[in-house]
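Chain by chain, the residues:
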Amino acid sequence: MASSASSKPPEDPSKLGYSYVTPAGMCLRFRQSLAQFSDLFSEFNKYIAPAYHHDRCERSVHMRLYSMNKREFATVFLAFFACFGLGIFIGLAGPPITVMSKVSGSSLQPNTSAADAAGSSYLAKGPFVMRTPLLTTYSQQMWIIAKLTTDNTDDEMVDKKFHISVQIEGLTAEHKPMLVFGGTHNGGADSKNRTRHLSCSYEECDEFTVLHIGFLDFAHYIVTVNFYGLEAFHQRYNIRSVQFYFKSYNPAFTQIEIWFRFIFVLFTFIITCWFAHTLRKYPMNDWSIEQKWLSILLPLLLLFNNPIFPLIFIANNWFPGIIDALLQTTFLCGILMFWLCVYHGLRQNERKFLTFYLPKLIVVLPIWLCAVVLGIWEKCDELNDPTYSHFEDSENYKGLKVFVSIAGAMYLLYLGLLMLKAYSELRSMPYFDMRLKILTLLMLIVISITLIVTMQHFGFDTLEDNFIAQLYTSYKSSAQFMCFYGLLNFYLYAMAYVYSPSGPAVHEPIIAKDNPTFSMINDSDEEVMYGSDEESRRPLNSACRKGNDYDSD
């Protein structure tokens, strides 16, 4: 009795009728851990992968995306890159964006006895009286940039703060000067002195902007510039020369900009009308979320291309320029909102304003507000004071910069979370999987090209190296303009084609539940993605009915 009791195996606590002995080998233990992890993932997978309780109740118009084969996909992307490459080629063959002329400060020295007595200190003080080159309406704006050269041979960096005062006179048609800025205009010259920083390394000093005229009222300007606070710097390092550069937009580039904006407006109007015509026979409740958003983005793209752009050269006012900046900012933030809504909307059909759209507006709205405030703030200040520079308002500008950085980080975090959830829940649904893939692929193309162009030509700190503020740009042609506008236009054109409806209109009185897990259980990904099976060419609501029939059985 004792021996039989001692040989009896230990009682199974799980009551399943078997005992468990831990293997001795490390390899077996590792395999056991992997098996347990696999079982745990299988239990959790039913809450991630599509299952019966995933209530996918959305009736959707059959998009062209569902019935496209491999050749059609390749043709769409080939056409996209061909049009985009053609735009860049036209830009590379086009004229440079800016034209520049320069004048030496020593050539501006008046031949008087007082100037001779002052000697070489003239380059440290002035006054420098300059007449600008011929400016037309197509020149748009003008910058005057100064560059100093010294005899400094010390191995040290020099950062000198000094002041400048500027007086601007415009030459009328009768060749009479008319005071525009400075002197007794707008409160006197003393109230308009501006601070500049002179940064020098060895003999070369960095350029600094003397003034920026945002709208040209006259064909010629007479500009008088004085420096204050450089006498001690001149005595130590000897200012050898002062060069003034006159920069303005190239009239030839302005004409290209007007023509291509008109071409993009024309094509966008045609695409918008065509897309609206293809959707007009379907009830709006049956449109997919991509189609609803494209019906908003295409009109915004029309405004982004700005049909009233030529008014900038006709109206002697700041209003057309600010409207152009406002329309561009609204369109770009509309694309950011589109990405958030689609990645979330594919998983959720209850899209109420408070729970669905409001959180996304809270994320995107700060970016829009910062861009609009920055554009209007700088535009208005420069029109009132051509010597204004945002570096003068360093505290407010840095605060705005930090705010933009935080808003951008919040957007990227939210977008990444929505993408992760979308791919986790919809990865096994062929129709939804295709929608995610085409959306992500086009989005990555747009973001990659935009980042490459931005980092290459504006540096890593876009706000500090602002093109409008200081004209620190390496543009040699109009290729960047064609790249930016062509990319956004062709991106919307490609999405309009892919998401356009195909097939006859389907009107059903009752909305059925769309459960792709059951409706496509016998379809392979290859068949559904590339349309080799006729079942894959049916709209999602036909799959809904099949899922409902299955449920009723």
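Right above here is the structure, for reference.
Here the residue numbers are simple positions, counted from 1 along each chain's written sequence. Whole-chain, interface and lining totals are the exception, using all residues; otherwise, since this is a predicted model, local features are given only for residues with pLDDT of at least 70 and side-chain atom pairs are given and counted only at 80 or more. As a rule here, side-chain values come from all non-hydrogen atoms in the structure, and water together with hydrogens is ignored.

A. Seen up close, the overall build of the chain. Secondary structure elements are taken from DSSP: a helix is a run of H or I of four residues or more, a strand is a run of E of two residues or more, and numbering for both begins at the N terminus. Secondary structure assignment for the chain yields 19 helices and ten strands. Partly exposed describes any residue whose relative accessible area lies between the buried limit of under 20% and the exposed limit of over 50%, with all areas from a 1.4 Å probe on protein chains only and scaled to the type maximum. Buried residues in the chain amount to 47% of all 553 residues. Considering only intrachain contacts with a sequence separation of at least 6, the fraction spanning at least 24 residues in the chain is 83%. Approximately 28,600 Å² of the chain is accessible, and the part contributed by carbon and sulfur atoms is 63%. By definition in these notes, contact holds between two residues if any of their heavy atoms fall within 4.5 Å. All accessibility values rest on the Shrake-Rupley procedure with a 1.4 Å probe; residue burial counts only the protein chains present in the view.

B. Main features of the pattern of salt bridges. Any carboxyl oxygen of Asp or Glu within 4 Å of a side-chain nitrogen of Lys or Arg constitutes a salt bridge here. For the structure shown, the criterion picks out eight salt bridges. Between Glu425 and Arg347 there is a salt bridge, and its shortest N-O distance comes to 3.5 Å. On the criterion of sequence distance, the pair formed by Glu425 in helix α13 (residues 394–426) and Arg347 in the loop between α11 (319–345) and α12 (353–384) is long-range, its members being 78 residues apart. Assessed through its relative accessible area of 17%, Arg347 is described here as buried. Across the salt bridge formed by Asp433 and Lys437, the nearest N and O atoms sit 3.2 Å from each other. One end of the pair is Asp433 and the other is Lys437, both in helix α14 (residues 430–458) and four residues apart, which spans about a single turn. Note on Asp433: relative accessible area 9%, which makes it buried. Judged by relative accessible area, Lys437 falls into the partly exposed class, the value being 38%. Salt bridges sharing partners connect three or more residues here, namely Asp151, Glu203 and Arg240.

C. Quick peek at the state of the cysteines. Our working definition of a disulfide is a cysteine sulfur pair at a distance within 2.5 Å. Under the criterion given, the structure shown has one disulfide. A sulfur-sulfur separation of 1.9 Å characterises the disulfide bridge that pairs Cys200 with Cys205. Since a negative S-S torsion denotes a left-handed disulfide, the Cys200-Cys205 link at about 95° is right-handed. Each member of the pair, Cys200 together with Cys205, is buried.

D. The packing of helix α8 (residues 251–279) against helix α16 (residues 479–498), seen in detail. Axis definition: a line fitted to C-alpha atoms, over the contacting stretch in the case of helices. Angles run 0 to 180 degrees between N-to-C directions. Their axes nearest at 11 Å, the elements α8 and α16 cross at an angle of 5°. One element, α8, and the other, α16, form an angle in the roughly parallel class. In this structure, α8 contributes Phe253, Glu257, Phe260, Arg261, Phe264, Phe267, Thr268, Ile271, Trp274 and Phe275 to the contact, and α16 contributes Phe481, Met482, Tyr485, Gly486, Asn489, Phe490, Tyr493, Ala496 and Tyr497. Put simply, Ala, Val, Leu, Ile, Met, Phe, Trp, Tyr, Cys and Pro go in the nonpolar bin, Asp, Glu, Lys and Arg in the charged bin, and everything else, Gly too, in the polar bin. For the contact of α8 with α16, the residue count by class is 14 nonpolar, three polar and two charged. By the definition adopted for this analysis, an angle is roughly parallel if under 35 degrees, roughly antiparallel if over 145, roughly perpendicular if from 65 to 115, and oblique otherwise.

E. Layout of the nonpolar core. Among the nonpolar cores identified, the biggest contains 83 residues, and Phe338, Trp339, Tyr343, Tyr411, Tyr491, Leu492 and Tyr499 are the most heavily contacted of them. Discounting residues that sit within four places of it in the chain, Tyr499 has contacts with Met63, Leu65, Phe275, Glu290, Gln291, Leu294, Arg435, Ile438 and Leu439. Nonpolar cores are built from buried Ala, Val, Leu, Ile, Met, Phe, Trp, Tyr and Cys residues. Side-chain atoms within 4.5 Å join them into one set. The next biggest cluster of nonpolar side chains, apart from the first, holds 38 residues, and it includes Leu135, Phe181, Phe218 and Val225.

F. Seen up close, the packing of aromatic side chains. Any Phe, Tyr or Trp ring, taking Trp's six-membered ring, that has another such ring centre within 6.5 Å forms a pair; planes under 30 degrees apart are called stacked, those over 60 apart edge-to-face, and the others tilted. Applying the stated criterion across every chain, the model contains 26 aromatic pairs. Judged by centre distance (6.1 Å) and plane angle (65°), the rings of Phe304 and Phe484 are edge-to-face. A residue pair is termed long-range when its members are at least 10 positions apart, and Phe304 in helix α9 (residues 289–304) and Phe484 in helix α16 qualify at 180 residues. Classification of Phe304 as buried rests on a relative accessible area of 0%.

G. Structural view of unusual backbone geometry. Note that the residue after Gly126, namely Pro127, is joined by a cis bond; omega there is 5°. Despite not being glycine, Gln140 shows a phi value in the positive range, around 65°. Tracing the backbone through its elements, the reader meets Gln140 in the loop between β2 (128–131) and β3 (142–150). A residue is classified by how much of its surface remains accessible, and Gln140, at 14% relative accessible area, is buried. Positioned with a positive phi, His175 is a non-glycine residue whose angle comes to about 60°.

H. Seen up close, α11. Between its first and last C-alpha atoms α11 spans 37 Å; for 27 residues at 1.5 Å apiece the expected length is 39 Å, and the two agree. The buried count for α11 comes to 21 of 27 residues, which makes it a mostly enclosed element. Here, expected helix span is obtained from the residue count minus one, scaled by 1.5 Å.

I. View of the pairing of β2. Of the two faces of β2, the one lined by Phe128 and Met130 is fully buried and the one lined by Val129 and Arg131 carries no buried residue. Where β2 meets strand β9 (residues 221–228), four bridges bridge the pair, whose relative direction is antiparallel. Paired with Met130 across the strands is Val223, a residue of β9. Pairing between strands is defined by DSSP: at least two bridges between the two strands are required.

J. Region of interest: the side chain of Asn489. Positionally, Asn489 belongs in helix α16. A relative accessible area of 0% places Asn489 in the buried class. In the analysis that follows, any N or O atom pair within 3.5 Å is treated as a polar contact, provided that within protein one partner can donate a hydrogen and the other can accept it, and provided that, for residues neighboring in sequence, both atoms belong to side chains. One polar contact links Asn489 to Thr268, side chain to side chain, over a distance of 3.3 Å. Dropping the residues within four chain positions of it, Asn489 is found in contact with Phe264, Thr268, Leu301 and Asn305.

K. Quick peek at a nonpolar patch on the surface. Surface patches are defined over residues having more than 30% relative accessible area and no salt bridge, joining like charges when they lie within 9 Å and nonpolar side chains (Val, Leu, Ile, Met, Phe, Trp, Tyr) when within 5 Å. A cluster of nonpolar side chains, contributed by Trp259, Phe262, Ile263, Leu266, Phe267, Phe269 and Ile270, occupies part of the molecular surface with about 740 Å² of accessible area. With respect to the helices, strands and loops of the structure, Phe262 is situated in helix α8. For Phe262, a relative accessible area of 49% puts it in the partly exposed group.

L. Broad picture of α16. The end-to-end C-alpha distance of α16, which contains 20 residues, comes to 27 Å, matching closely the 28 Å that a straight helix rising 1.5 Å per residue would cover. Burial within α16 is extensive, with 18 of its 20 residues counted as buried.

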